[in-house]
Amino acid sequence: MTTYFIQAFIYLLAAVITVPLAKRFGLGSVLGYLVAGVVIGPVMGLVGQETSTIQHFAEFGVVMMLFLIGMEIDPKALWAMRVRLLGLGGLQVTLTTAAGMAVAWWLGLQWQTALTVGLIFALSSTAIVLQTLDEKGLSKTEGGRNTFAVLLFQDIAVIPMLALIPLLALPGLKGSSMPSDDLGLSLVVGLPGWAHALVVVGAIAAVIVGGYYLSRPLFRYVVKSGLREVFTATALMLVIGIAALMSLVNLSPALGAFLAGVVLANSEFRHELEANIEPFKGLLLGLFFITVGAGINFEVLVAEWGTVVSLGVAVMAVKALILLVLAQVFGIRSSNGWLFTLGLAQAGEFGFVLLTYSVQNSVIPPEISQILSLVVALSMFLTPLLFIVYDRIVLPRYRRSRNDEREADTIDEQASVIVAGVGRFGQIVCRLLRANSIPIVVLDHELEQIENVRRINIKSFFGDASRPDLLEKAGIEQARLLIVAIDDRDRAVAMVKHVKKFFPAVWVLARAFDRGHGYQLLEAGADDVMSETYHSALELGGHALTAMGVHPMQAKQMTWAFVENERAHDAQLFEAWKEIEEGINFSPRYGELFMKLEEALSTSMQRDWDAPKPEDVPLWTPSGKD
């Protein structure tokens, strides 16, 4: 027992140290986990033979991840992506398998082994790619959606691959295969083909029908107990049970979990399921990445480093070339095409599964399997670096090419109101003005934002609103109002200064990011400044008071009292802010005034409110009802 505690401590300590460092340097959590595995495994030798066993357990994180992804997809959306799923995914697997087989055959392997090698390298890392896309907020982009479609097809393709590999067995390898760890639990072993198919279809039907009709009564029964840990246990039981059922019929557990997630996508318990499974998914995926790094055999790597590196680079280059061609054929352009290409250019975790299965079934010799496993691990290890290349080189280049290389539009309209910036903040302002028939001229330097507002029939022009010549063409001299809603803090302040210096009669309303930026805008001459989050935070705070037992009318009065209290001290705080020296956050007088504001605020808020007792307020209501 002590050994297990020590090993668990080593894995967790390595993750706690390396992952925050990797995130701080912009490398992503996945690379942090991989580095942690290398350090505690090959470098320091703190973990050993148990790594492969832990990796099998940690692969369950992939199952949980696909279950959560399935709950994010409406069945209609899944049907809508059928062309990309079958066309793009099918071509990627077919072409990459053919290319891998050709290279392996050229290197002297028998065609059965070469075909299996092609199948192994046709797969990409679902765990690394989806985790990284989610972290970087790229899942909803065109490149991210197409990447997911290919990964999903690959997970489905694992099923026929597992069925094909035993048919490729080489007689000469019959005595050299490694023993299998499989316990022999299967519902389809020895069955004729038609019975095998019926059992598989029945298992899939059980997941879909059971998920739709039986899960809701089960969760309602559990929720009535009022015990959150039982709800968590039920969620885990559901995912583990589906994975076990799929394994018993020789299907991919990840595929079964994904189908169950799709079925439960419209369930009223969806958010509670996500909240309960997410921590386990993140921890197990992290553990999986650590075991990949710890499982690298440095003895074989040192002995065959030239072969491993050459094959790793060749695999990634060939896959990238095929993906780039497919991206062009299917119309995945610009940065989305590169995201699609770089994101899928590696081998995947299912490659380890297929390698082990191939050795067990006498298709790939053990010595070749060791080298190929290092190639798979190396390509996975390099994947986070490819995403860094995308972030640091590809994305900025395409943003510049889209925006900077295009000349500003010819502004052929003038209006009494000029809106600079039509992002999530400026769009709402424009819609309100248009709804009241107030003529506006809209300027923005982001082409995508201009295209978005044009879709909702708001006349807008591409160009940098901070350029004096464009402001003059938009009619700043005759305008009554300028609304500054651009995302760049410094450009916003510079624009306000310019307008108030040369066109002092124009009333300037400016959007601030925070209190400090608001003071900068006021100092630049803005007539009115509004923090972008201020009123939404007040609204949410009012709802929080209501949830804690305050009458809705009283909660509204208290939020207004909060606003009045802030306004009463605004002038004093602004004057104190002007005393702030460069390099410090606030002057002593500013800090003293702010604390007085907080004390006055606390006094006014608590004067007439008798707070409810904690036991009177429900703390957890999974169904959303008291």
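Before going into details, it helps to say that this report is about the structure given with it.

Rules behind the numbers
- Residues numbered from 1 in each chain as written.
- Predicted model: local features only at pLDDT ≥ 70, side-chain atom pairs only at ≥ 80, totals over all residues.
- Heavy atoms only, no water.
- Helix = DSSP H or I, 4+ residues; strand = E, 2+ residues; numbered from the N terminus.
- Buried < 20%, exposed > 50% of the residue type's maximum accessible area, 1.4 Å probe, protein only.
- Contact = heavy atoms within 4.5 Å.
- Areas by Shrake-Rupley, 256 points an atom, 1.4 Å probe, with all protein chains shown as cover.
- Phe/Tyr/Trp six-rings, centres within 6.5 Å; stacked < 30°, edge-to-face > 60°.
- Lys NZ or Arg CZ within 6 Å of the ring centre and 35° of its normal.
- Core = buried A, V, L, I, M, F, W, Y, C linked by side-chain atoms within 4.5 Å.
- Expected span 1.5 Å × (residues − 1).
- Salt bridge = Lys/Arg side-chain N within 4 Å of Asp/Glu carboxyl O.
- Pairing = 2+ DSSP bridges.
- Right-handed = clockwise from strand over helix to strand, strands pointing away.
- Axes fitted to C-alpha atoms, helices over the stretch in contact; angles between N-to-C directions.
- Parallel < 35°, antiparallel > 145°, perpendicular 65-115°, else oblique.
- Left-handed = near helix turned anticlockwise from the far one by under 90°.
- Nonpolar A, V, L, I, M, F, W, Y, C, P; charged D, E, K, R; others polar.

1. A short note on the overall build of the protein
From N to C terminus, the protein includes 26 helices and 6 strands. Looking at the 626 residues of the protein, the share that counts as buried comes to 47%. Across the protein, the fraction of contacts at a sequence separation of at least 24, relative to all contacts at a separation of at least 6, is 76%. Total accessible area on the protein stands at roughly 32300 Å², and carbon and sulfur atoms take up 62% of it.

2. Some thoughts on the packing of aromatic side chains
Both the distance between ring centres and the angle between the ring planes are used here to describe each pair of aromatic rings. All chains considered together, the criterion is met by 1 aromatic pair. For the pair F219 and F231, a centre-to-centre distance of 5.4 Å together with 40 degrees between the ring planes defines the contact as tilted. Note that F219 is positioned in helix α10 (residues 193–223) and F231 in helix α11 (residues 228–248), a separation of 12 residues in sequence. Note on accessibility: F219 and F231 belong to one class, buried. Across from the ring centre of F513, 4.7 Å away, lies the NZ or CZ of R511, which sits over that ring.

3. Description of the nonpolar core
Of all hydrophobic cores here, the largest spans 95 residues; its most connected members are F121, L130, F289, F340 and V376. Looking at this core, the element that brings in the most residues is helix α18 (residues 366–403), giving 12 residues. The contact partners of V376, leaving out residues within four places of it in the chain, are I120, F121, A347, G348, F352 and L355.

4. Digging into helix α24 (residues 534–547)
Helix length check: α24 (14 residues) gives 20 Å between terminal C-alpha atoms against 20 Å at 1.5 Å per residue, within 8%. Count one or two residues on from α24 and you reach G549, which has phi positive near 110 degrees.

5. So, the pattern of salt bridges
Under the criterion given, the structure shown has 6 salt bridges. Close ionic contact of D469 with R467 constitutes a salt bridge, the shortest N to O distance being 2.7 Å. The exposure class of D469 is partly exposed, given its relative accessible area of 32%. Under the relative-accessibility criterion, R467 is labelled partly exposed at 35%.

6. What to know about the pairing of strand β6 (residues 528–531)
Strand direction decides the pairing type here: strand β5 (residues 507–512) and β6, joined by 4 bridges, are parallel. In the sheet register, A512 faces β6, and the bridge partner there is S531. In this fold, β5 hands off to helix α23 (residues 515–524), which returns the chain to β6; that crossover is right-handed.

7. Comments concerning the packing of helix α4 (residues 60–71) against helix α8 (residues 126–135)
Any two packed helices are characterised by how steeply their axes cross, that is the angle between the axes, and by the distance between the axes. α8 packs onto α4 with a crossing angle of 45 degrees between their chain directions and a minimal axis gap of 10 Å. Between α4 and α8, the crossing angle belongs to the class labelled oblique. Note that α4 runs across α8; the crossing there is left-handed. Counted together, V62, M65, L66 and I69 of α4 and T126, A127, L130 and Q131 of α8 form the full contact between these two elements. Per-class residue counts for the contact of α4 with α8 are 6 nonpolar, 2 polar and no charged.

8. What about helix α17 (residues 349–360)?
Across its 12 residues, α17 extends 18 Å between first and last C-alpha, which sits within 8% of the 16 Å expected from 1.5 Å per residue. Listed in full, the buried residues belonging to α17 are E349, F350, G351, F352, L354, L355, S358 and V359. Directly beyond the C-terminal end of α17, a positive phi value near 60 degrees is found at S362.

9. Some points on the pairing of β5
Pairing between strand β4 (residues 481–484) and β5: 4 bridges, direction parallel. Each bridged residue has a counterpart across the sheet, and for V484 the counterpart in β5 is A510.

10. A few points about the sheet that holds strand β3 (residues 460–462)
The 6 strands are arranged β3-β2-β1-β4-β5-β6 in an open sheet whose pairing can be described as parallel. Each edge of the open sheet carries a strand with a single partner, namely β3 and β6. Strand after strand, the sheet turns through a mean of 20 degrees between neighbouring axes, direction not considered. Along the sheet, helix α20 (residues 447–455) contacts β2 (440–444) and β3; its crossing angle with β3, the most-contacted strand, is approximately 160 degrees. Packed on one face of the sheet, α23 meets β5 and β6 and runs near 160 degrees to β5.

11. Description of unusual backbone geometry
Within the chain, S334 stands out as a residue other than glycine whose phi angle is a positive 50 degrees. Turning to its location among the elements, S334 is positioned in helix α16 (residues 334–343). The class for S334 is partly exposed, based on a relative accessible area of 37%. Non-glycine residue S437 carries a positive phi angle of around 60 degrees. Looking at the element boundaries, S437 is found in the loop between α19 (424–435) and β2.

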